[in-house]
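Geometric and topological summary
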Amino acid sequence: MFTYFNPKLLQKLLNGENLDQNLYFIGSVGDVYLATDSCKEGLGFAEFEKLFSSVCLLDDHVNFHIQELGKVELLEGMFNTGPEGDVTLDEEVTNIIKSPHYTINYIALKPKENISFWDHDVLQQMIDWYND
Amino acid sequence: MINDLVFDTHILSEFIWQYFTNDLRGNGLLARSNIITDERQKAINDIILEYNNEGTFSKGLIITSAFSVIEIARKFDIIAFQKFTSSQFKIFLEELPEYFHIAPLEKALSFHLHKVPKVVYDGSTQKPIELPDAIHCATYFSRDSATLITNDARIKRIENINCL
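Quantities reported herein were computed from a predicted structural model and do not represent experimental measurements.

Each value, and the rule that gives it
- Residues numbered from 1 in each chain as written.
- Chains lettered and ligands numbered in written order.
- Predicted model: local features only at pLDDT ≥ 70, side-chain atom pairs only at ≥ 80, totals over all residues.
- Heavy atoms only, no water.
- Helix = DSSP H or I, 4+ residues; strand = E, 2+ residues; numbered from the N terminus.
- Rg over C-alpha atoms; globule rule 2.2 N^0.38 Å.
- Buried < 20%, exposed > 50% of the residue type's maximum accessible area, 1.4 Å probe, protein only.
- Contact = heavy atoms within 4.5 Å.
- 1 Å grid on protein atoms, 1.4 Å probe; cavity = no way out; pocket = protein on both sides within 12 Å on 5 of 7 lines; lining within 4 Å.
- Points joined across faces, edges and corners; volume = space filled by probe spheres on them.
- Nonpolar A, V, L, I, M, F, W, Y, C, P; charged D, E, K, R; others polar.
- Buried area = accessible area lost by both parts, 1.4 Å probe.
- Salt bridge = Lys/Arg side-chain N within 4 Å of Asp/Glu carboxyl O.
- Polar contact = N/O pair within 3.5 Å; in protein donor to acceptor, adjacent residues only side chain to side chain.
- Domains from an automatic or database assignment.
- Phe/Tyr/Trp six-rings, centres within 6.5 Å; stacked < 30°, edge-to-face > 60°.
- Core = buried A, V, L, I, M, F, W, Y, C linked by side-chain atoms within 4.5 Å.

1. Focus on the overall build of chain B
- Scanning chain B for helices and strands turns up 8 helices and 6 strands.
- Ordered by position in the sequence, the α and β elements of chain B form the string β-α-α-β-α-α-α-β-α-β-β-α-β-α.
- For 164 residues, the compact-globule formula gives about 15 Å, and the C-alpha radius of gyration of chain B, at 16 Å, lands near that figure.
- Taking all 164 residues of chain B together, 51% fall into the buried category.
- Long-range contacts, defined here as pairs at least 24 residues apart, represent 63% of the contacts in chain B between residues at least 6 apart.

In structure tokens form, the structure reads like this:
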């Protein structure tokens, strides 16, 4: 079972709280930025390096997947192609009222045909989380 | 000496526009505009010319963050209005020139974000550096040697960033 790994959950983990071992967490690099950026104030470089390493190590854990975002993900996540081949930007992407983090996460996490484990429910959880 | 040029969102938007209107896809060069100053034009065209003539990148590459692309998409009607279409936007990304690199939003960039100050000072007034601008700065810091091309007054106040 997949679930969205939101910044609040990341904070809990960084505070040493245990998360449900039966869940598979999916997040994006936008969540990593948000967590590390909000934590960096008041931290020395050595402390920040430790925090950064902790966040990166999450990805090595069997229960976590942090989606990075490059050219391939941009092309697959930002655009929709209609039946006549017409190209449009995804409506969720052009919604400037939502935060930049939302857009990073939406594009990174938008289900893609070539990622077999992906789940539309994960995306809905992320949208719900940002809408709350 | 290799020196990469890092574009922020507005410079990227101008580049995409000229990519189609000035045939940068072929052998065209960037023209001067209200955003492209003489200095910027020379620095960017030096990279394009070297690639067009020699197929090499000894002067450096043009870099922009994946976040700049996201910013244009988010505010497409404002930023790209009457400049380029969503189809052209997609074509540009698909056929990126070899001298142009989109730096991914990856975990390692978070390390460079720490080098960006939370605030800058305009006289005695404190002004925050928002995360989106910090991402451009972190992309700059991720390069060995670079110049950040931006009009952002706050970024220009960051001491250890070489801006053009």
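Okay, back to it.
2. Focus: the layout of surface pockets
All names here are of chain B.
- Counted as a void, the largest pocket has a volume near 250 Å³.
- Going through the elements one at a time, α1 (9-21), α3 (66-74) and α7 (131-141) are the ones with two or more residues in the lining of the largest pocket.
- Its residues placed into classes, the lining of the largest pocket shows 5 nonpolar, 5 polar and 6 charged.
- The calculated volume of the second largest pocket comes to roughly 160 Å³.
- At 6 residues, the largest contribution of residues to the lining of the second largest pocket is made by helix α2 (residues 38-54).
- Of the residues contributing to the lining of the second largest pocket, the split by class is 3 nonpolar, 1 polar and 5 charged.

3. Focus on the interface of chain B and chain A
- On the side of chain A, 38 residues touch chain B, which itself brings 32 residues to the contact.
- Contact with chain A buries area across many residues of chain B, yet Arg74, Lys107 and His114 of chain B alone supply 26% of it, more than any other trio.
- Counting across the chain B and chain A interface gives 1 salt bridge.
- Among the ionic pairs, Glu68 of chain A bridges to Lys107 of chain B, the shortest N-O distance being 3.5 Å.
- Summed over the shared surface of chain B and chain A, the result is 8 residue pairs in polar contact (both at pLDDT 80 or more).
- Breaking the side of chain B that touches chain A down by element, the ones donating at least two residues are α3, α4 (76-79), α5 (86-94), α6 (109-113) and α7 of chain B.
- In terms of residue class, the side of chain B that touches chain A is made up of 21 nonpolar, 4 polar and 7 charged.

4. As for the domain arrangement of chain B
All names here are of chain B.
- Segmentation of chain B into domains returns domain 1 (4-103) and domain 2 (107-145 + 152-156).
- In this assembly, 13 residues from domain 1 lie in contact with 8 residues from domain 2.
- The contact between domain 1 and domain 2 buries some 830 Å² in all, and 62% of this surface belongs to carbon and sulfur atoms.
- Summed over the three residues of domain 1 that lose the most area to domain 2, namely Asp4, Val6 and Phe67, the buried surface amounts to 50% of that side.
- In this assembly, domain 1 and domain 2 are joined by 1 salt bridge.
- In this structure, Asp4 engages Arg143 in a salt bridge whose closest nitrogen and oxygen atoms are separated by 3.0 Å.
- In this structure, the connection of domain 1 to domain 2 is made through 4 residue pairs in polar contact (both at pLDDT 80 or more).
- Counting residues per element, the ones that place at least two in the side of domain 1 that touches domain 2 are β1 (4-7), β2 (62-65), α3 and β3 (100-103).
- Classifying every residue of the side of domain 1 that touches domain 2 gives 6 nonpolar, 4 polar and 3 charged.

5. Points about the pattern of salt bridges
Residue and element names in this part refer to chain B.
- Tallying each qualifying case throughout the model produces 13 salt bridges over all chains.
- Measuring nitrogen to oxygen at the nearest pair gives 3.7 Å for the salt bridge that ties Lys90 to Glu94. Remark: Glu94 and Lys90 occur in helix α5; sequence separation between them is 4 residues, near one turn of the helix.

6. Structural notes on the packing of aromatic side chains
Residue and element names in this part refer to chain B.
- This model, assessed by the stated rule, comprises 18 aromatic pairs over all chains.
- When the ring of Tyr19 is compared with that of Phe92, the centres are 5.0 Å apart and the planes differ by 80°; the resulting orientation is edge-to-face. Here Phe92 lies in helix α5 and Tyr19 lies in helix α1, a separation of 73 residues in the sequence. Here Tyr19 and Phe92 have matching classes, each one buried.
- Joined through ring pairs, the aromatic side chains of Phe7, Phe15, Tyr19, Phe20, Phe92 and Phe100 make up one cluster.

7. Regarding the nonpolar core
- Core analysis: the largest hydrophobic core is formed by 78 residues, its most contacted members being Met78 of chain A together with Phe15, Ile44, Phe89, Phe92 and Leu105 of chain B.
- Top contributing element to this core by residue count: α7 of chain B, with 7 residues.
- Split by domain, this core shows at least three residues from each of two domains, domain 1 (4-103) and domain 2 (107-145 + 152-156) of chain B.
- Here Met78 of chain A is in contact with Glu73, Thr88, Leu89, Asp90, Val93 and Ile107 of chain A together with Val69, Ile70, Ala73, Phe89 and Leu93 of chain B, once residues within four sequence places are set aside.

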